[in-house]
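# Inside the fold
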Amino acid sequence: MITLLRDRLADLAEDAPVGGPDATLWVRGRRLSRRRRTGTAVIVAVAVLLLTALSTLTWQRSQQPPSPAGPPGWATDALRLPDEFFVPGARLDGTDDAGEIGPLAAVLRAPRHGEGRGLAGISGETGDYRFLDLPGWVQDDHVSLSADGARVAYWDDEGVAVYDTASGAVSSHPVASAPGAEPEPLVLVGDELWFQRGGAVTAWRIGGDEVRTWRPAEGPVPSLGAATGVGTTLVEGAGHRMRLWSSGRARPEVHETRRPVGGRIVPAPTGRAYVAVVDRDGPSTGDTRPSAVTMLLAAGPGRLRTPLVPGLETNEVVGWRDDTTFVTFSADDAVFSSVALGTGSPKPLTRLGADVGDVDLQVAADAWRGRVYEAQPPPDPWGPWVVSGAAGGVVVLGAVAVVWWRRRVRA
């Protein structure tokens, strides 16, 4: 047994290579180890860099860019007008999470994650965008923004409600209605909310009691569909008449006009002049064709002159810059323009963002008189699954790259 072992060992010794161990083996091993560690460190550094960039981009997309400061002497409590209105991203913050943004320059509808469509407000002070979390809102089309941007009126589950844009407080008023009845128009008029239900129109003093209700069987009833308000007066057109309503009177103050003014009549800030879009052959039909603009000027007791603004055609009159300059909207290029009375020459003022569709934009009357600033697009945050998916993808790719590199170096 011992002899066999000696013979086997001798055979192995004869087969062994001649000479000592490879002198470079240690050096080559150290070099491979360094390459492996260096490559791994580079892959990890790249992955960390990508995760940092993803985090930074995610944060930037969720932040509202600051709006430019107003010029010297600018009143900080005055509403400002953006030079462009944007549609915010579906995951924009809501007031329940991020708080109120104060008096609003405008409100518009936009897709909202998990809720179909939401109502977004644009701050008249900072230019911030935020979805308005209106308690009980039934998400219908009838929403009214006050002239000073301090209130938003809407229909809730039980009736009408008014949201305070600064404090977030909500004043509600129950309204009885037939089962399945759809919400109808409403208009903010001073400290009152006028709403229509079942043919009747009611003026409700916000936070108090109903002031007056006009019923068809008892006489004329205000038409709220195209009505506007100035101070405590509601203004609406009815054929060859402009009617001025007040909750203190059962019947309106009527002014006869030569031209039919059945469309929307927009009063100047002082209420001494009015403008309206009107077809040359009749009242505006509400289509997208540009129409002439008529002024409504006093011509005597109960009568108004209706001269056309020379050379001007537009789709809609939306407000006033001052007592001698009004604002129009052109659907073709989605541009709002200021027009001086008597000139008929529009000058671009602000615009809707490209391809925003029908967002039912409402601009506060006071904002039309505000200074215009260069607006920035609102935040457009990514969804959590996008961020987590991208981060997970970076980690997985990094791990695969490390394994591939270490195998390649060992080979």
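The preceding data block contains the structure.
Residues numbered from 1 in each chain as written. Predicted model: local features only at pLDDT ≥ 70, side-chain atom pairs only at ≥ 80, totals over all residues. Heavy atoms only, no water.

### Overview of the overall build of the protein
Applied cut-off: To qualify as a helix, a DSSP run of H or I must reach at least 4 residues; to qualify as a strand, a run of E must reach at least 2; elements of each kind are numbered from the N terminus. Exposure categories follow from relative accessible area, calculated using a 1.4 Å probe and restricted to protein chains: below 20% of the type maximum is buried, above 50% is exposed, and the middle band is partly exposed. Only heavy atoms enter the contact rule, under which two residues are in contact if any of them lie within 4.5 Å.
From N to C terminus, the protein includes 4 helices and 28 strands. Residues classed as buried in the protein amount to 41% of the 411 residues present. The long-range fraction of contacts in the protein, counting pairs at least 24 apart against all pairs at least 6 apart in sequence, stands at 50%.

### With respect to the side chain of Glu-192
Quick note on the threshold: Within 3.5 Å is the distance limit for a polar contact, defined as a pair of N or O atoms, with the added protein rule that one can donate a hydrogen and the other accept it, and that residues adjacent in sequence qualify only through two side-chain atoms.
Relative to the helices and strands, Glu-192 resides in strand β10 (residues 192-197). Under the relative-accessibility criterion, Glu-192 is labelled buried at 6%. Within the local environment of Glu-192, its side chain forms a polar contact with the side chain of Arg-205, the two groups lying 3.1 Å apart. There is a polar contact of 2.7 Å between the side chain of Glu-192 and the side chain of Ser-247.

### Overview of the environment of Glu-210
Looking at where Glu-210 falls in the secondary structure, it is placed in strand β12 (residues 210-214). Since its relative accessible area comes to 42%, Glu-210 is described here as partly exposed. For Glu-210, the side chain forms a polar contact with the side chain of His-173, separated by 2.8 Å.

### With respect to the sheet that holds strand β25 (residues 335-340)
So the rule is basically this: The rule for pairing is simple: two strands pair if DSSP sees at least two bridges between them. Here an angle of 0 to 180 degrees is reported between the N-to-C directions of two axes, which are lines fitted to C-alpha atoms, with helices fitted over the stretch in contact.
The antiparallel open sheet is built from 4 strands, whose spatial order is β23-β24-β25-β26. The open sheet has two edge strands, β23 (316-322) and β26 (346-351), and neither has a second partner. Put simply, the sheet's adjacent strands are angled 35° from each other on average, direction ignored. Note that β23 and strand β24 (residues 325-330) share 5 bridges and pair antiparallel. Bridging across to β24, Gly-319 finds its partner in Val-327.

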